[in-house]
Amino acid sequence: MLKKLLISALPIMLLAMLTSTKMSDNGKAGRTGSPGELTCITCHNSYALNSGGGSISIQCMEMPTFEYTPGQTYMMSVTVARTGNSLFGVDIEALTSSNDNAGVLAITNSASTTIKNITISGIVRHNITHTLNGGASSPNSKVFNFSWTAPASGTGNITFYFTGAACNSSTSTSGDYIYSGSQIFTENSGCTSAPNQPGTINGNAAACNGSAHIYSVAGVIGATSYSWTLPYGWTGTSTTNSINVVAGNTSGDIAVTANNSCGISPSSALPVIINTVVASISKNNDTLFASSGASYEWYLNGTIILGAVNSYYVPTQNGNYVVVVFDYTGCSGTSDVFNYLSLGVTDLNNDVSQLTIYPNPVSNILFVNASDVFNNSPITIYNISGQIVKKKILQSGENVIDISGFADGIYNVVIGNDSNKKSKRILVSR
């Protein structure tokens, strides 16, 4: 870092006037010990780094805890000290976590310091170094002053790297001590405490499964973000003071906290209830009836039946019927499919010449004797709710159908196609 030259010249009078050790050139950049750099120990190598009882340190009266405010300018100093020495050098650098220049270094005493550059990994780094003779001082220590303007908000932690030399009075690089160190400076977010608890959450306290909603709170002073939690099965994300959600099928609490770098506030919560609408179809004679609700929509084979908006419907054709039941909040439920088969179906009890079904009641095995007329015809068994529980193709002769998995109750057996369809009720009982 330093080359020392004991100045000597004629006449003898000049020698008598100048007897102190002087530096013959300025400091060098790139000797701070930062990532990718060396220290001055590469030249001044008589002693181990940071040995001999000396020290190097960085100070800023405006930042006693090394926490900077983005954009603010600070008066900085680096002190190199060792008892008995009176010639000192320095190299100082400030880098971001990605090893780029952090903020702006500036000279405040051009007699002692200057700025020099060095390129490391394609980045031109700016260093504060001593000037020619700028490190000469009274015995034991030297303070190098400069200013630093902190980088923009969001830069995060930065690190000052610094190396200093405590030199003897020889004319070579031998016999000198080198000291190196670093100091992390953290970014001041501007907060002094966690935000206050958010206020009341605004939004619907009752919802339908699958419905969309917006929930929000008034902005909290000092908050930089918000964290929302939702009941199980709900969807939606946000880091602001409002959130768009789609309700699931579970009731629970919607909660929110306000956050900043100093902490997280207590949470505010809004209990929300999912309105569950149970829809079902029952049959009485020739009429289908829906479970209780505020309004209704009837469907046949997946197509809405225009004008069918009552709690009951009298079918005009066989098929698969579904009802959608709405409550007073607009929530809805959809029934299971009800297979209606009353129209144009002959009761098998009145015609046994071509088909016989036995036994009835039945426990586990149902026998169906079919004539050639019903060879390759479908047989479908429906439960009392009109749901299909068994399907197969008949062959002429005796057919064996396993119903051991059926629950006890009444079932409707339908055989044939639309042009020749027979039905019979059976009782499963064990």
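Described in the following lines is the structure provided in the data block. (Residues numbered from 1 in each chain as written. Predicted model: local features only at pLDDT ≥ 70, side-chain atom pairs only at ≥ 80, totals over all residues. Heavy atoms only, no water.)

Turning our attention to the pairing of strand E12 (residues 177-187). Of the strand pairs in this sheet, strand E4 (residues 67-68) and E12 are connected by two bridges, and their pairing is parallel. Residue pairing for E12: Tyr 68 is matched across the bridge by Glu 187. (Pairing = 2+ DSSP bridges. Helix = DSSP H or I, 4+ residues; strand = E, 2+ residues; numbered from the N terminus.)

Let's shift gears to the nonpolar core. Ranked by internal contacts, the top residues of the largest apolar core, which has 27 residues, are Met 76, Trp 148 and Phe 160. The set of elements that each furnish at least two residues to this core consists of strand E3 (55-59), strand E5 (73-81), strand E6 (87-96), strand E10 (141-149), strand E11 (158-167) and E12. In this structure, Met 76 is in contact with Ile 58, Gln 59, Cys 60, Met 63, Phe 144, Asn 145, Phe 146, Ser 147, Trp 148, Phe 160 and Phe 185, ignoring residues within four places of it in sequence. (Core = buried A, V, L, I, M, F, W, Y, C linked by side-chain atoms within 4.5 Å. Buried < 20%, exposed > 50% of the residue type's maximum accessible area, 1.4 Å probe, protein only. Contact = heavy atoms within 4.5 Å.)

Mapped onto the secondary structure, Ser 46 falls in the loop between strand E2 (21-23) and E3. On the basis of relative accessibility, which here comes to 35%, the residue Ser 46 falls in the partly exposed class. Separated by 317 residues in sequence, Ser 46 and Ser 363 place their C-alpha atoms 103 Å apart. Sequence-distant contacts of Ser 46, that is, excluding residues within four places in its chain, are made with Thr 173, Ser 174, Gly 175 and Asp 176. Within the structure, Ser 46 has its side chain in polar contact with the backbone nitrogen of Gly 175 (distance 2.7 Å). (Polar contact = N/O pair within 3.5 Å; in protein donor to acceptor, adjacent residues only side chain to side chain.)

With that settled, the discussion passes to the pattern of salt bridges. Applying the stated criterion across every chain yields a total of three salt bridges. Notably, a salt bridge pairs Arg 125 with Glu 37, separated by 3.0 Å at the nearest N-O pair. You can see Arg 125 sitting in strand E9 (residues 123-130) and its partner Glu 37 sitting in the loop between E2 and E3, a full 88 residues away along the chain. Classification of Glu 37 as buried rests on a relative accessible area of 10%. Each of Glu 37, Glu 93 and Arg 125 takes part in salt bridges that share partners, so that together they form one network. (Salt bridge = Lys/Arg side-chain N within 4 Å of Asp/Glu carboxyl O.)

A complete count under the given rule lists one disulfide for this structure. Across a sulfur-sulfur distance of 1.8 Å, Cys 208 and Cys 331 are joined as a disulfide pair. An S-S torsion of about -90 degrees defines the bridge between Cys 208 and Cys 331 as left-handed. One end of the pair, Cys 208, is in strand E13 (residues 206-208); the other, Cys 331, is in the loop between strand E25 (319-326) and strand E26 (332-334), and 123 residues separate them in sequence. (Disulfide = S-S within 2.5 Å.)

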